[in-house]
Amino acid sequence: MRHHPPTGERTTRRSPGPAIPVCSDNEWDPLEECVVGTARRSMFPAEDERMIRATMPREHWHRFVAGNPFPADIVDNAERELDGLSALLESRGVRVRRPRPVDWTELGGYTAAMPRDGFLVVGDRIVEAPMAWRSRRDELSAYLPLIREYRQDGATWLPSGVSHDSACLLEGTASPDGDWAINDSRPAWDAADFLRLGEGIVVGQLSHVTNRSGVEHLRERLGPGYRVHLLEPDDPHAMHIDASLCPLTEGLALYNPDRLTPRRLRHTPLHDWRLVPAPVPKHRTWPPLYMTSPWISMNLLVLGPEHVLVEAEDDDMCALLEELGYRPLRCPFRHVQSLGGSFHCATLDIRRRGDRPG
Ligand code: NVA
């Protein structure tokens, strides 16, 4: 087993130095810089009915129509929570960057609150995901100033090269890989369907937004130094893997016991990891979870060998993390969760201190 206890000794690893702005290869090394999303002007994404039925909670299906903003009080509270998260991170020495405000009402888009979905940071590369949802085709515009700056400072930007004009929704036919809402007519993947485990390993899943040619597209983008291994969570509504598995450090991960078991992970890069079931989330009615299951509770952000961000009211998650030797940092985030994600979704780590890959 490769579990390194969270004692802090790994912080002594070599830092790449300030010259490289983008440098992150796993989900757990000490966080130095990240993007925190903004909730302003978020809209319910208007996607094909089949897609919405496959991925969104039934009681909210009717909301996913064109021109429907999320309730203003939820957006305002979510923005306050994102500002609170930014302040907390800055108080711990993390440099926080924010996307530029975009009026999604005008563009017909969704949000800039979830930077994790559109970009995979691997080493010094920012890889743009060819997302399946047409409502997300202009999301890059919120991040362009940051990407320009990172490129100028030496990061490698890999645009998806896939046109959003080519829809990949199924028209009543089955996908070759299962009953997904998209077919394989063009590469599609969301970055939140993948997790970086360091040492050239990325794990991910096929889902309603990630198809087989999307996985090949990602493999090509990453090149021969990386292995992309597909996990198979039991999740008929699969869209984003970061409420099914949460790596805490090398050799230690939380898993969603409704979707994964250690047995299911036997023939994967996690076969020799310590795998701990995440606590079953408590029932909640307000604010509503418009876009996710309650398992959004395990969408954590690891700040380093000691600290993990946890929703302020989640006592069970805090207790578990303390048992595992971590110090949970409580941060109010329930309104952000209403918009479709928690700490992992609402951030994009740009730089973690650790060995430079390669
Ligand atoms: N689709 C997942 C959330 C992923 C962040 C779920 O609803 O559990």
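K.L.:
Which parts of the structure should I look at to understand the environment of Phe 194?
P.N.:
Here Phe 194 shows up in strand E6 (residues 194-196). With 24 residues separating them in the primary sequence, Phe 194 and Leu 218 have C-alpha atoms 10.0 Å apart.

K.L.:
I would appreciate a short explanation of the pairing of strand E1 (residues 31-36) in the present structure.
P.N.:
For a regular strand, the rule is simple: side chains alternate between the two faces of the sheet. Of all six residues in E1, six are buried; the element is thus mostly enclosed. Both E1 and strand E2 (residues 95-97) contribute to a ladder of three bridges, which runs parallel. When the bridges of E2 are listed, Cys 34 appears paired with Val 96.

K.L.:
Would you take a moment to explain the environment of Val 121 for this structure?
P.N.:
By the secondary structure assignment, Val 121 is in strand E3 (residues 119-122). Note: C-alpha distance between Val 121 and Cys 23 (98 residues apart in sequence) is 7.7 Å. Excluding residues that lie within four positions of it along the chain, Val 121 makes contacts with Val 22, Ser 24, Ile 126, Arg 196, Leu 348, Asp 349 and Ile 350.

K.L.:
It is not clear to me how helix H5 (residues 212-222) should be interpreted in this structure. Could you clarify?
P.N.:
Residue pairs three or four apart in sequence face the same way in an α-helix, which turns once every 3.6 residues. Of all the positions in H5, only Gly 214, Val 215, His 217, Leu 218 and Leu 222 are classed as buried. Buried positions in H5, seen along its axis, are confined to an arc of 155° and lie on one side of it. Contacts from the buried residues of H5 go to E3, strand E4 (125-128), E6, strand E7 (201-204) and strand E8 (227-230). Trailing H5 by a residue or two, Gly 223 shows a phi angle of about 80°, which is positive.

K.L.:
Would you mind showing me how to read the packing of aromatic side chains here?
P.N.:
One pair of aromatic rings is described through two measures. These are the centre distance and the angle between the planes. Scanning the model with the defined rule gives nine aromatic pairs in all. For the pair Trp 28 and Trp 273, a centre-to-centre distance of 5.9 Å together with 65° between the ring planes defines the contact as edge-to-face. Of this pair, Trp 28 sits in the segment before E1 while Trp 273 sits in the loop between strand E10 (252-255) and strand E11 (274-277), and the two are 245 residues apart along the sequence. Among the residues examined, Trp 28 registers a relative accessible area of 3% and is labelled buried. A connected cluster of aromatic rings, assembled from ring pairs, spans Phe 44, Phe 64, Phe 70 and Tyr 290.

K.L.:
How should I be thinking about the site of the ligand in this particular structure?
P.N.:
Neighbouring the ligand are Met 239, His 240, Asp 242, Ala 243, Arg 259, Thr 292, Ser 293, Ile 296, Asn 299 and Cys 345. Within the backbone of Met 239, one N or O atom sits 2.8 Å away from a nitrogen atom of the ligand. Between Ser 293 and the ligand, the recorded distance is 2.6 Å, taken from a side-chain N or O atom to an oxygen atom. If the ligand stood free it would expose 270 Å²; the protein chains cover 94% of that surface.

K.L.:
Looking at this structure, I do not really get the pattern of salt bridges. What am I missing?
P.N.:
Should the charged atoms of two oppositely charged side chains come close, the side chains can pair. Inspection of every chain in the model, using the stated rule, returns 23 salt bridges. Arg 97 serves as the salt-bridge partner of Glu 149, at 2.9 Å between the closest nitrogen and oxygen. Of this pair, Glu 149 sits in helix H4 (residues 144-152) while Arg 97 is found in strand E2, placing the two residues 52 residues apart along the sequence. Using a relative accessible area of 25% as the deciding quantity, one classes Glu 149 as partly exposed. A residue is classified by how much of its surface remains accessible, and Arg 97, at 12% relative accessible area, is buried. The network of salt bridges with common partners includes Glu 27, Arg 116, Arg 196, Asp 349 and Arg 352.

K.L.:
Just to check I follow, could you spell out unusual backbone geometry for this structure?
P.N.:
With the exception of glycine, the majority of residues adopt a negative phi angle, and the majority of peptide bonds are in the trans configuration. A cis geometry characterises the amide bond from Trp 286 onward to Pro 287, with omega recorded as -10°. Locating Pro 287 in the fold gives a position in the loop between E11 and strand E12 (301-302).

K.L.:
How should I be thinking about the sheet that holds strand E5 (residues 156-158) in this particular structure?
P.N.:
Two strands in a sheet stick together by hydrogen bonds in their backbones, pointing the same way (parallel) or opposite ways (antiparallel). Strand order in the open sheet made by the three strands is E3-E4-E5, with mixed pairing throughout. Sheet topology places E3 and E5 at the edges, where each strand pairs with a single neighbour. The average undirected angle you get between the axes of adjacent strands in this sheet is 20°. Of the strand pairs in this sheet, E4 and E5 are connected by three bridges, and their pairing is parallel. When the bridges of E5 are listed, Ile 126 appears paired with Trp 157.

K.L.:
Help me understand the pairing of E8, please; the structure alone is not making it clear to me.
P.N.:
In E8, alternate side chains face the same way, and those of Val 228 and Leu 230 are buried while those of Arg 227 and His 229 on the opposite face are not. Bridge analysis of E7 against E8 gives four bridges, and the strand direction is parallel. Bridged to Gly 204 within E8 is Leu 230. Read from E7 through H5 to E8, the crossover connection turns out right-handed.

K.L.:
How do you make sense of the side chain of Arg 125 when you look at a structure like this?
P.N.:
Structurally, Arg 125 is set in strand E4. There is no salt bridge for the buried Arg 125, and the closest opposite charge comes from Asp 124, which lies 4.7 Å off by N-O distance. A distance of 3.1 Å separates a polar side-chain atom of Arg 125 from the backbone oxygen of Leu 222. Those residues in contact with Arg 125, other than ones at most four positions away along the chain, are Val 22, Leu 120, Thr 156, Leu 158, Arg 221, Leu 222 and Tyr 226.

Calculation criteria
Residues numbered from 1 in each chain as written. Predicted model: local features only at pLDDT ≥ 70, side-chain atom pairs only at ≥ 80, totals over all residues. Heavy atoms only, no water. Helix = DSSP H or I, 4+ residues; strand = E, 2+ residues; numbered from the N terminus. Buried < 20%, exposed > 50% of the residue type's maximum accessible area, 1.4 Å probe, protein only. Pairing = 2+ DSSP bridges. Contact = heavy atoms within 4.5 Å. Arc of directions from axis to C-beta. Phe/Tyr/Trp six-rings, centres within 6.5 Å; stacked < 30°, edge-to-face > 60°. Near = heavy atom within 4 Å. Polar contact = N/O pair within 3.5 Å; in protein donor to acceptor, adjacent residues only side chain to side chain. Areas by Shrake-Rupley, 256 points an atom, 1.4 Å probe, with all protein chains shown as cover. Salt bridge = Lys/Arg side-chain N within 4 Å of Asp/Glu carboxyl O. Axes fitted to C-alpha atoms, helices over the stretch in contact; angles between N-to-C directions. Right-handed = clockwise from strand over helix to strand, strands pointing away. Lys, Arg positive; Asp, Glu negative; His and termini not counted.

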